[in-house]
Each structure stands twice: as C-alpha cells, then as structure tokens.
Amino acid sequence: MSAPRLAARIERTAAPPIPAVRAWAARYAGTAGPLLDMTQAVPGYPAHPELLARLGAAAADPAQAGYGPIEGDMPLRAALADDIAGTYGADIAAEEVVITAGCNLAFAMAMETIAGAGDAVLLPTPWYFNHRMALEMLGIEAVPLPARAEDGFVPDPATAAALIGPATRAIVLVTPNNPTGAIYPAATIAGFAALCRARGLWLVLDETYRDFLPEGAIAHDLFRDDAWRDGVVQLYSFSKSYCVPGHRVGAILAGPAFRAQLAKAVDTFQICPPRAAQAALAWGVPALAGWRAGNRAIMAGRADAFRRAVAPLQDWRIESMGTYFAYLRLPEAAPDAEAAAERLAVERGLLCLPGSFFGPGQARHIRLAFANAEVSTIAGVTARLAGFA
C-alpha cells in the first residue's frame, strides 16, 4: 500500500532554515568556547517589567480567554494608529489597522488577498526567506529583484519596472531590511510607490524594524497622501520593538477596499489575534515610547561593537549593516556560503545563516544577527572568524 500524497507545493518549499543551521551545532565540540548563536532576529534583552506584569494579569483574566474581534481589539488598533500617525506625520484611523497573530501571518494573509496561483510578486534579493516560502506555498511566483552590494543593497525602481509582467500583482519592500540591514531612502520608496501606482500594482512595505531607524529618521512620507489607501499596505511587528516574539502579535495597515477582502483571510486563518498580548500592548504602545528609544540606542551600540569585532579581520568585509543584522562577504579563499556556515558552526561554534538561504546570487555572503548578543559576547566574533579561510 502506498502512502497518501502530500501537497506538491509544500514538498517543493525548502525546510525552515534556522532549525537546519542549529542542527549543525550538535557536532560542535566546544573547542572555541560557548556556542554563539547569531541566527535568529530576537531581542537580546527582556520585555519591560511592567509590560510583563500586564501580560500576566491579562492572561489570568477570564474575559481575555474568549474570542475577540477578528481584526483585533480596538484599544490596540487605536494605540498603533496613533503611533503610526505620530511617526509618519499622517492621519491614520484605528479602523485602518488590523491586528494579526504575528507579522509572518500578516504577510501570508496580505499575499492571499493580493494574488493567487499563477500570479507573481517582486521580491528584492536578498529576500527574507519566509516571504519566499509563503509565496511558494500559495503558488505565487517570487520574481527576484536584484539589490546589489555596490548600491548598498537598495533595489532600483527602474530595474523593477523591467521585471513587471502580465502576472505581476505586487512589489514587496522590507525596510529596514532583513537580511542586509539596509535602510531604503525615502526617495526610493516614493519611486516604487509611483511605479506601482502607474502599473496598477500593490506596494507592500514590511516595516518590522522601523522602530530601530536612527533617531529622527523618517522612513517615507507615503501616508501623508490619502491616495496610499488605494495601493499601499504596511506590515508591522510588535515582536522586536516590545520583546514579545513568543506572543505573536503583528499588524496590517491598509485602506478600506483591501481590508474588506482581507477580513475573509483573517477570519479563516486566525479568527482573532492573541487577546492577552493585545491588552498589554494597548498600554505599552504609548507608555513605552521612551523605553523603545532606549532600545534603539542599545542596538546601535551592538552594531558599533560588531564593526569593531570585524575591523581587524582583513579577509572579511561587512557589505551592509543596520538595525539587527550584519551582512558579510566571505573571504575569497572560503567555500561558498552554506559550506562556510556549516564549518563555522561545527568547528568554531558560531551559528549564522548562509546567504544562499536568502535567494539567488547570495552564495558569497553570510548573515549574522548581532541583536541577540551582549557587547561582550559580540567581541568574541573576532576570534571565531580569524583565520577561517
């Protein structure tokens, strides 16, 4: 008797990258010191104690154990709308915010709303691997939009225009970027918005890391033009900004026509987002603005520490860096990314992600997430990388 068949799309989708890399650590003998895991973008410090207290109290409240509104509880929607309005200098209504069970699900549901099997979406490469995986599972072609090192890994609207075909439904931008850390200039984002408007496409902005932009930086001014509601979708994550990745809370900002159709996906895939976390975060969004700014400074300090750690290594080059990530070019004598990352894990106890996990043309890069390491730990990167090639 033959086994039942599984979905061809899911079988074609690559295995989750981070568990695959962490499996290499089982072969590390400890000779270089404690394992240094720089694979995953997780905050390397705890959530604010008052936020944790409110999470606990909300989790113990029987009222939070029931179903909530499918688009999220209004106090958090209103708090985030006010935060977005203040950040971008725009008028944003609470009804325009949809709370989701994490930003990965926000992306998947947004794509489900925009495109279907046989359609195409442009993703700048290197891309966030879960974006590509979600598209593959949906039967949507991920069209690589090259972002080159010599351009600071910032994609070009003119290059994108040449890649648009009859099946294209959207362009996705991740800024600040994962995996490169690159921050896209406001003019570039405006150029993509104009291109999408001219060609009848959706522009999807994943701004998971927007709270870690340099102080005073304005990512873009798209939301100051009311026309954004007809073609722009913003994704946001509370995981990094509030150190609650395990509570799975994200958000989608969109206009009324998009939300009317998105509601079908939201009701089907999540029913409602986690209630206790929403209750705590509704307090935290306005109350912890200063604390978030302090965390931005912590990340900047860790980025400086990483630069100092790599500076003595003549064979290694940081080609892009920002927010949570450093994107390094491998030494010329080193093997390609996957083999190099495996050797670093097994021989030196340094876990990082090979560039090949982030799309075509990335075989000479590795990504290290320095956000989850203390400055003293980051200093140990020097010894782990020295003499590798």
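Please read all numbers here as calculations on a predicted model, not as lab measurements. (Residues numbered from 1 in each chain as written. Predicted model: local features only at pLDDT ≥ 70, side-chain atom pairs only at ≥ 80, totals over all residues. Heavy atoms only, no water.)

A.B. asks: Describe the overall build of the protein chain, and please don't skip the residues or the numbers.
C.D. replies: When its secondary structure is counted, the protein chain shows 15 helices and 13 strands. For 389 residues, the compact-globule estimate of 2.2 N^0.38 gives 21 Å, and the C-alpha radius of gyration of the protein chain, at 21 Å, lies within 12% of that figure. Burial analysis of the protein chain (389 residues in total) assigns 54% to the buried set. In the protein chain, the share of contacts with a sequence separation of at least 24, taken over all contacts with a separation of at least 6, comes to 75%. (Helix = DSSP H or I, 4+ residues; strand = E, 2+ residues; numbered from the N terminus. Rg over C-alpha atoms; globule rule 2.2 N^0.38 Å. Buried < 20%, exposed > 50% of the residue type's maximum accessible area, 1.4 Å probe, protein only. Contact = heavy atoms within 4.5 Å.)

A.B. asks: Tell me about the sheet that holds strand β13 (residues 365-369), and please be specific about residues and values.
C.D. replies: Ordered by their spatial adjacency, four strands build an open sheet running β9-β10-β13-β12, and the pairing between neighbours is antiparallel. Edge positions in the sheet fall to β9 (317-322) and β12 (353-354), since each of these pairs with one other strand and no more. Both β9 and strand β10 (residues 325-329) contribute to a ladder of five bridges, which runs antiparallel. Of the residues in β10, the one forming a bridge with serine 320 is tyrosine 327. (Pairing = 2+ DSSP bridges.)

A.B. asks: Quick rundown of empty space enclosed by the protein? Include the residues and the values.
C.D. replies: One simple way to see leftover space: roll a probe sized like a water molecule over the atoms. Applying the stated rule across the entire model yields one cavity of 30 Å³ or more. By volume, the largest cavity is sized at about 50 Å³. Lining the largest cavity, in full, are Leu123, Pro124, Pro126, Trp127, Tyr128, His131, Val172, Val174, Asn177 and Asn178. Secondary-structure elements contributing two or more residues to the lining of the largest cavity are β3 (120-125) and β5 (168-174). Class assignment of the residues belonging to the lining of the largest cavity gives a composition of seven nonpolar, three polar and no charged. (1 Å grid on protein atoms, 1.4 Å probe; cavity = no way out; pocket = protein on both sides within 12 Å on 5 of 7 lines; lining within 4 Å. Points joined across faces, edges and corners; volume = space filled by probe spheres on them. Nonpolar A, V, L, I, M, F, W, Y, C, P; charged D, E, K, R; others polar.)

A.B. asks: Break down the layout of surface pockets for me, with residues and values.
C.D. replies: Of the pockets and cavities examined, the largest pocket occupies roughly 450 Å³. Along the walls of the largest pocket sit 25 residues, with Gln40, Asn104, Tyr128, Asn130 and Lys240 positioned nearest its centre. Looking at the lining of the largest pocket, the elements that each hand over two or more residues are α2 (17-24), α5 (103-114), α6 (129-138) and α9 (239-242). Tallied by class, residues from the lining of the largest pocket come to twelve nonpolar, nine polar and four charged. By volume, the second largest pocket amounts to about 320 Å³. Along its surface, the second largest pocket is lined by 16 residues, and Thr87, Arg210, Asp211, Ala217 and Arg296 are the ones closest to its centre. Listing elements by their share of the lining of the second largest pocket, those giving two or more residues are α4 (74-88) and α12 (289-310). Grouping the amino acids of the lining of the second largest pocket by side-chain chemistry returns eight nonpolar, two polar and six charged.

A.B. asks: Hey, could you go over the nonpolar core for me, with residue numbers and the actual values?
C.D. replies: Met38, Ile171, Phe238, Phe306 and Trp316 are the most contacted members of the largest nonpolar core, which has 105 residues in total. If one sorts the elements of this core by residue count, α4 sits on top with seven residues. Ignoring anything within four residues of it in the chain, the contact list for tryptophan 316 reads Val310, Leu328, Arg329, Leu330, Pro331, Leu344, Ile366, Leu385 and Phe388. Core analysis: the second largest hydrophobic core is formed by 29 residues, Leu135, Val174, Phe258 and Ala265 among them. (Core = buried A, V, L, I, M, F, W, Y, C linked by side-chain atoms within 4.5 Å.)

A.B. asks: Break down helix α3 (residues 49-59) for me, with residues and values.
C.D. replies: For α3, the set of buried residues is Leu51, Leu55 and Ala58. Down the axis of α3, the sector holding all buried residues measures 70°, keeping them to one side. Residues of α3 that are exposed and point over 90 degrees away from its buried face: Pro49 and Ala57. (Arc of directions from axis to C-beta.)

A.B. asks: So what's going on with the environment of alanine 147? Residues and values would help.
C.D. replies: Among the secondary structure elements, alanine 147 is positioned in the loop between β4 (141-146) and α7 (157-163). Alanine 147 sits 212 residues away from glycine 359 along the chain, and the two C-alpha atoms are 11 Å apart. If we ignore the near neighbours within four places in the chain, the residues touching alanine 147 are Thr125, Pro126, Phe153, Val154 and Pro155.

A.B. asks: How would you sum up the pattern of salt bridges? Please name residues and give values.
C.D. replies: For the coordinates displayed, the defined rule picks out 20 salt bridges. The residue aspartate 73 makes a salt bridge to arginine 275 at a minimum N-O spacing of 3.0 Å. Here aspartate 73, found in the loop between α3 and α4, pairs with arginine 275, found in helix α11 (residues 275-287); they are 202 residues apart in sequence, far enough to count as distant. Here arginine 317 and glutamate 319 are joined by a salt bridge, their closest N and O atoms 2.7 Å apart. (Salt bridge = Lys/Arg side-chain N within 4 Å of Asp/Glu carboxyl O.)

A.B. asks: Which residues make up the side chain of threonine 100, and what are the values?
C.D. replies: Along the chain, threonine 100 falls in strand β2 (residues 97-100). In terms of polar contacts, threonine 100 uses its side chain to reach the backbone carbonyl oxygen of glycine 102, at 2.8 Å. Polar side-chain contacts of threonine 100 include one of 3.4 Å to the backbone nitrogen of alanine 251. For threonine 100, the residues in contact, after removing those within four places along its chain, are Ala106, Met109, Arg248, Val249, Gly250, Ala251, Ile252, Gln270 and Pro273. (Polar contact = N/O pair within 3.5 Å; in protein donor to acceptor, adjacent residues only side chain to side chain.)

A.B. asks: An account of the pairing of strand β8 (residues 250-253) is needed here, citing residue identities and associated values.
C.D. replies: With burial as the criterion, each face of β8 is covered, one bearing Gly250 and Ile252 and the other bearing Ala251 and Leu253. Summarising the sheet, β2 and β8 pair through four bridges and their orientation is antiparallel. From the neighbouring strand, isoleucine 99 faces β8, where its bridge partner is alanine 251. Bridge count between strand β7 (residues 232-237) and β8: four bridges; the pairing is antiparallel. Within β8, the position partnered with leucine 235 by the bridge is isoleucine 252.

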